[in-house]
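The chain contents come next:
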Amino acid sequence: MATITIPTALRQYADGSASVALEADTVGALLRGLVEQHPTLGKHLFSEQGKLRSFVNIYVGDEDIRYLEGEETPVAGGDVVSIIPAIAGGMYV
Amino acid sequence: MSDVTLSNEEIARYSRHLIMPEVGMAGQRKIKQGSVLLVGTGGLGSPLALYLAAAGVGHIGLVDFDVVDSSNLQRQIVHGTSTVGVAKTESAKRRLADLNPLVEVTTYETQITSANALDLMRPYDIIIDGTDNFPTRYLTNDAAVMLGKPNIYGSIFRFEGQATVFYPKQGGPCYRCLYPEPPPPGLVPSCAEGGVLGVLPGVIGTIQATEAIKLLAGIGTSLVGRLMLYDALEMRFRELKLRRNPTCPVCGEHPTVTELIDYDQFCGIVPEVNTLSNQYEITPGELAELLRSDARPFLLDVRNPYEIAIASIPGTDKVIAVDQLPERISELDSSVEMVVYCRSGMRSGRAVELLRSAGFHKVKNLVGGILRWSDDVDPSVAKY
């Protein structure tokens, strides 16, 4: 099982969970498993073409998957995968 | 460096710095000779301005166009009750003058724009990003990269903060290496949710101030190439590696952005045009009259549950958070007159568009939301 940490900005789309543990071989499979559990997270992580959004970064441990193998980056049991979205501060409507 | 000296008054004031060998007289003189531009004098800018002034940074520039509001004081500790209604730059300057009259403070009561950013930044050694929106973040980043200056970045949202130092001139990445593109406005969770734990910008702003003082004094290991993450709810600090993107449009090997652009457009923000025609809008005054008449409309609140606990319009018939509207639309009756509201009228405007496209033609948006309802109709309804 790998653990995905969910940032505060997106917890509202994941029933408030701070992290979710899932079984998967790659980062891409892990994220798609997460979206299966929490469908409303989908549009915040993936574009309509199914690509990871450019304002959401994914890290395995402390390394950005863009500098590993992208969504094909393998994950092992015990890995921590982090979703790090761009945040800007206090806007409120 | 040798031309800057410390007076006996300064030696007494900064003595707790001077007796540390890592800072000493040499480090304190560098801090005194240093200059820092703070972009934003809000949540992050408050602790930044206070600590940089207290530390004896010789010249501090403050850029902000806003005035102090009582809702700022939960976190913007450089301001005070006595300066509510005063320009934030002026309010901060007064506080800094009391804290340390030996530092020079220059205020710029203006919005930083593509037209003035380079001129504002040029006189300063270090730029600090204490802004609260994406267009200004990209603008601050790009201008700092073009001028070859370090940009000390901090960002906050609810209980979570990020901080790092962008310094491409010294080999590190810039903000665009981290996030090449901003989120489209409709998808930014901060717009729909907002809010920030008051002490959070204190933690992140203080990290930024620490990095500024270290850079000026030339000591320690900076956050260049590392993104510091802070989760206040879990009380956890983490650190991620940041790499320079060789294809970065601003700091990469072949930059394509070589002058400042229109950052509102880049961030997908279009000048506020009213997409709803008047037919689909109602003012608080008109709604109040309707609610007193026999033609009482169905009143739908599209805010989040925790907002309902703060304030509501009396007589609300139903609450469905705007995010849930698409899946719960079947709970609504398109044959009845309906008025939709939220805090400011933004989310309810989106809700009305969504309802119209789903075949609801008797639906209106309450212009100005609860805020204007409180102003125009019922001041006993709290504004938040």
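Along each chain, residues carry numbers from 1 onward, in the same order as the chain's sequence is written. The naming scheme follows written order: chains are lettered A onward, ligands numbered 1 onward. Local features in a predicted model are, by the rule used here, given only for residues with pLDDT of at least 70; side-chain atom pairs are given and counted only at 80 or more, and totals for whole chains, interfaces and linings are based on all residues.

A. Layout of unusual backbone geometry. Of note in the backbone geometry, Asp15(A) takes a positive phi value of approximately 55° without being a glycine. Following the sequence through the fold, Asp15(A) ends up in the loop between α1 (8-11) and β2 (19-22). Unusually for a residue other than glycine, Met235(B) sits at a positive phi of about 50°. Labels follow the DSSP assignment, with helices taken as runs of H or I lasting at least four residues and strands as runs of E lasting at least two, numbered in each case from the N terminus.

B. The arrangement of the sheet that holds β2(A) in detail. Residues and elements named next belong to chain A. A pair of strands is treated as paired once DSSP finds two or more bridges between them. An order of β2-β1-β5-β3-β4 is seen for the five strands of this open sheet, with the pairing classed as mixed. In this open sheet, the two edge strands, each paired with only one partner strand, are β2 and β4 (63-64). Bridge count between strand β1 (residues 2-5) and β2: four bridges; the pairing is antiparallel. By the bridge assignment for β2, Thr-5 is matched with Ser-19. Residue pairs qualify as contacts under a 7 Å threshold applied to their C-beta atoms, which are placed from the backbone. What counts as an axis is a line fitted to C-alpha atoms, over the stretch in contact for a helix, and the angles between N-to-C directions run from 0 to 180 degrees. In the packing of helix α2 (residues 27-37) onto the sheet, contacts are made with β1, β2, β3 (56-60) and β5 (80-85), and the angle to β2 comes to roughly 115°.

C. Region of interest: the sheet that holds strand β8 (residues 236-241) of chain B. Residue and element names in this part refer to chain B. The strand order across the open sheet formed by eight strands is β3-β2-β1-β4-β5-β6-β7-β8, and the pairing between neighbours is mixed. Each edge of the open sheet carries a strand with a single partner, namely β3 (104-108) and β8. If you compare each strand with its neighbour and ignore which way they point, the axes differ by 15° on average. Contacting β1 (35-39), β4 (126-129), β5 (151-157), β6 (160-166) and β7 (226-231), helix α10 (residues 200-217) runs over the sheet at an angle of about 170° to β5.

D. Quick peek at the interface of chain A and chain B. Contact with chain A, which involves 24 residues of that partner, is made by 34 residues of chain B. Contributions of two or more residues to the side of chain A that touches chain B are made by α1, β3 and β4 of chain A. The dominant element in the side of chain A that touches chain B, judged by the number of residues it contributes, is α1(A), at three residues. In terms of residue class, the side of chain A that touches chain B is built from 14 nonpolar, seven polar and three charged. Three classes are used: nonpolar for Ala, Val, Leu, Ile, Met, Phe, Trp, Tyr, Cys and Pro, charged for Asp, Glu, Lys and Arg, and polar for all others, with Gly counted as polar.

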